[in-house]
Amino acid sequence: MIEFTSRKSASSMLVCLFLLLSGLYCSLMVVIGSFGMDADSSHSLMLWYGINEHGISWIRDWRFTQDNWLLSLFPFHFIGFWIFGPDVSVVVILGWLIFVFNALISGAIAWRLGLNKAAIFIFLLLLHFGPYAHIYGSLAYSTTHNITNLYGLSSLLIFISWCIKPVNYLLVLLSFVLFAGAVSDPWMIPAFNLPLLLVSILLFFLPGFQRDWNRIKPFLAASLSLLLVKTKLFGILGFLPSVDFSPGDRHTINNNVLYLVKDLGGLLNLFPFSYGNAFLPAFLSLAIVTGFFAAFLHGKMRHRLGVEKSVIVFFSFTLVSISGILSAFMVTRVEAGDYSARFLINCAYLLIISVGMLAEYGSRHSGVIAKYALVLIAGLFVISGLTGNVAYLIKTGFKPRDVGVADTLALLKKHGLSYGYGSYWDSHANAVTAAGFSQIRVRPVTFDITNGTISGGRSQTSRRWFTDEDIPENQERFFVIVNTGGQECPDVDVCLLGLSKQFGNPMEIIKHGLTTVLVWNHRLFDYVPPSMEFNRKYITGNAGLHMGNSGWSSPETQGTWSDGDRALMVLAPLNPSKNDIELLIEAGAYLEDRHPCQDVDILVNSAYAATLKYDQGNNNGVRSVVIPSTLALKRGGALWVEFLFKNPVSPAELGVSADSRRLGLRIVSVELRDAPH
């Protein structure tokens, strides 16, 4: 128990208690008011439902993005679902708890370095990030890069602990944490993995290790983590997309530099400005912090910092980590935008940890000016965070955020609709499905803004969703949700016309506010209007025959790729023939040196018809499949042509690109003829 010996210590305790409660309360309320059930927060819920329905193998059919969160975030979410049930509140609260734990780990780093006062100071300071960090930096959002900082800061704490007391189990833990974080989010590599690898080299030049073998162990642990990421755990996680990073042009780099100043300054937030931010206060915040470090590190403290090797390790890591992530942020080909601050959160953590450490060192060794400078920076950060968060809460009304998921779900229930399609963001398709506990299913599709048609195959969806397996038995009605003013369908009339051309006229159109629901009495993606003529070639690219989405990717200029082990194409001849039919398929398989051949079994109306073989010596061209009349007339003249691929593979699995589609054939065109006698 702490015994207060003066009013000063009691006052300090009260201040700490106030900062703790205000930081926890304001950050939690901002999170609840900003993030609820939306497309991204329902990501882990959809995986949970899929695994429970189909088994763990179902996860291989999920179209992950590069930041897949598979081994970093989802284990925490799944534990929460197992304990409390699959609910979005579990996801939202866990996002906030990850933010709080990051603050705790940041303080623990200072504590491990022997700076006990700084540890408390850092923890309390980090709880007062302003609304810019929460909104544009997604600091406590349920599904974002802040989970990567939990793994990254933990790895830094483990590394520092090993430098203080070298024990082997810490290195095993270090390799695992580095691997799990980096394979789940490639931004961890420049932010934590590579900096730890480079700083581990520094140990070769530091005194204090009695055995030479110890010097190389952290380097080997960090190298092992990168090897496991590169090989995706030696192929076990081969279904995950590969890292795809390439530099941008001059225009992109200039744009990214401006957003770098705006975002990093907005995260540091030394002035109480709106959460929308302005460039000038962001620039001033960044300039003050940079100036402080420049002055402080060139002053008396540089002699103190050179004494302990663990402190040298921390500041060396901080320098390399911030330099690495800033460089990656600036030169990437992806243009930074309003929500790019989430990639810079590690910089804010490390800078604030550094300020806290220097504050304690300064209280021991610095003059009055340095101490007041530290107090000023910390005070500005806390005041700006508090006032900004309170202002944001007043503006939002202290209530949970609603993006319209409940209204959409109620509309579908009212009209007895249970299976259909909608855009990922505008309709929040996955969120509606998760909120309806998969009793009402809305599968995400992509709208073509030029003609209003839709297609599947986007990321954060399952390959099984556009097959017969996903459609409930005896499902009679199918719908598509169109949102007025949405990003994917800005002109609703174009989308309504395009959908009518693609699937035929809807039997019903339901309008409610900004939402329009089109309803058909037949399947959509396996349905093709009966308009295919004999002896006419139908191309399958962007402007050609729609292949459907049962195993097909989005149409491209040169055709349509299959995606998965199976694909279904429905051909409906205008005048069905009573004779044997010859189906001409112009196609090419996806082949590489490490994947030299592809065999495809063709089933027509559920019966075997042929096997098509492709290799590097005989790939592109037209292949013929003869369909006996008994099969051709089995479904009233419609031809349900199934492609069963023996070994589809993604470019990501072969290390060719980040494309995670499991490619089999690219269909260029199809044609129906009477079979020759």
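Below: a short report on this structure. (Residues numbered from 1 in each chain as written. Predicted model: local features only at pLDDT ≥ 70, side-chain atom pairs only at ≥ 80, totals over all residues. Heavy atoms only, no water.)

Considering the nonpolar core
To keep it simple, the criterion reads: Note on terminology: a nonpolar core comprises buried Ala, Val, Leu, Ile, Met, Phe, Trp, Tyr and Cys residues joined through side-chain atoms within 4.5 Å. The rule is simple: take the accessible area with a 1.4 Å probe, protein chains only, and divide by the maximum for that residue type; under 20% is buried, over 50% is exposed, in between is partly exposed. Any pair of residues with heavy atoms lying within 4.5 Å of one another is described as a contacting pair.
Phe129 and Phe314 are the most contacted members of the largest nonpolar core, which totals 172 residues. With residues up to four places along the chain from it excluded, the contact list for Phe314 reads Ile109, Leu113, Leu156, Ile160, Leu350, Ile353, Ser354 and Met357. In this structure, Val600, Val604, Phe645 and Ile667 belong to the second largest nonpolar core, which totals 31 residues.

Notes on the pairing of strand E9 (residues 566–571)
What counts here: Strands are runs of DSSP state E lasting at least 2 residues, helices are runs of H or I lasting at least 4, and numbering of each runs from the N terminus. Strand pairing follows a simple DSSP-based rule, namely that at least 2 bridges must link the two strands.
Most of E9 sits out of view: five of its six residues are buried. When E9 meets strand E14 (residues 639–645), the two strands line up antiparallel, connected through six bridges. Residue pairing for E14: Leu568 is matched across the bridge by Glu642.

Describing the packing of helix H7 (residues 146–164) against helix H8 (residues 168–184)
This is how the line gets drawn: Note on method: axes are straight lines fitted to C-alpha atoms, helices fitted across the in-contact stretch only, with angles between N-to-C directions ranging 0 to 180 degrees. For this classification, under 35 degrees means roughly parallel, over 145 means roughly antiparallel, 65 to 115 means roughly perpendicular, and everything else is oblique. Left-handed describes a crossing whose near helix is turned anticlockwise from the far helix by less than a right angle; the clockwise case is right-handed.
Taken N-terminus to C-terminus, the directions of H7 and H8 make an angle of 160 degrees; their axes are 9 Å apart at the nearest point. On the basis of the axis angle, H7 is roughly antiparallel to H8. Note on packing geometry: the crossing formed by H7 with H8 is left-handed. Residues Tyr151, Ser154, Ser155, Ile158, Phe159, Ser161 and Trp162 of H7 form the contact with H8, whose participating residues are Leu170, Leu171, Leu173, Leu174, Val177, Leu178, Ala180 and Gly181.

Overview of the state of the cysteines
Which entries qualify depends on this criterion: Any cysteine sulfur atom paired with another within 2.5 Å is treated as part of a disulfide.
Applying the stated rule across the entire model yields one disulfide. The side chain of Cys489 participates in a disulfide bridge whose partner is Cys495; the two sulfur atoms lie 1.8 Å from each other. With respect to class, Cys489 is no different from Cys495; both count as buried.

Some remarks on the pattern of salt bridges
Rule in force here: A pair is scored as a salt bridge if a Lys or Arg side-chain nitrogen falls within 4 Å of a carboxyl oxygen belonging to Asp or Glu.
A complete count under the given rule lists 14 salt bridges for this structure. Put simply, Asp470 and Arg443 hold a salt bridge, and the shortest N to O gap is 2.7 Å. Placement of the pair is Asp470 in the loop between strand E3 (454–455) and strand E4 (478–483) and Arg443 in strand E2 (residues 441–447), with a sequence separation of 27 residues. Overall, the relative accessible area of 6% leaves Asp470 in the buried class. Here Asp599 ties to Lys613 by a salt bridge, and the two come within 3.3 Å at their closest N and O atoms. Of this pair, Asp599 sits in strand E11 (residues 597–604) while Lys613 sits in strand E12 (residues 607–615), and the two are 14 residues apart along the sequence.

A word on the sheet that holds E11
Sheet architecture is open: four strands sit in the order E9-E14-E11-E12, paired in antiparallel fashion. One side of each edge strand has no neighbouring strand; the edge strands of this open sheet are E9 and E12. The mean angle between the axes of side-by-side strands here comes to 20 degrees, regardless of whether they run parallel or antiparallel.

Comments concerning the sheet that holds strand E5 (residues 508–512)
Ordered in space as E3-E2-E1-E4-E6-E5, the six strands form an open sheet in which the pairing is mixed. In the strand order of this sheet, the two ends are held by E3 and E5, each with one partner. Relative to strand E6 (residues 515–520), E4 runs antiparallel, the two being bridged by six bridges. What sits directly across from Val482, in E6, is Thr516.

Notes on the packing of aromatic side chains
Formally: Stacked, tilted and edge-to-face are the three classes assigned to paired rings of Phe, Tyr and Trp, where Trp is represented by its six-membered ring and a pair needs centres within 6.5 Å; plane angles under 30 degrees give stacked, over 60 edge-to-face, the rest tilted. Here, over-ring charges are defined by two tests on the NZ atom of lysine or the CZ atom of arginine: distance to the ring centre within 6 Å, and angle to the ring normal within 35 degrees.
As enumerated under the stated definition, the model contains 22 aromatic pairs in all. Relative to Tyr349, the ring of Phe129 has its centre 6.0 Å away and its plane inclined at 80 degrees; by these criteria the two rings are edge-to-face. With Phe129 in the loop between helix H5 (116–126) and helix H6 (131–135) and Tyr349 in helix H15 (residues 345–365), this pair connects stretches of sequence that are 220 residues apart. The burial state of Phe129 is the same as that of Tyr349; both residues are buried. The ring centre of Trp465 lies 4.2 Å from the NZ or CZ of Arg443, which sits over that ring. The aromatic ring of Tyr614 is capped on one face by Arg623, whose charged end is 4.1 Å from the ring centroid.

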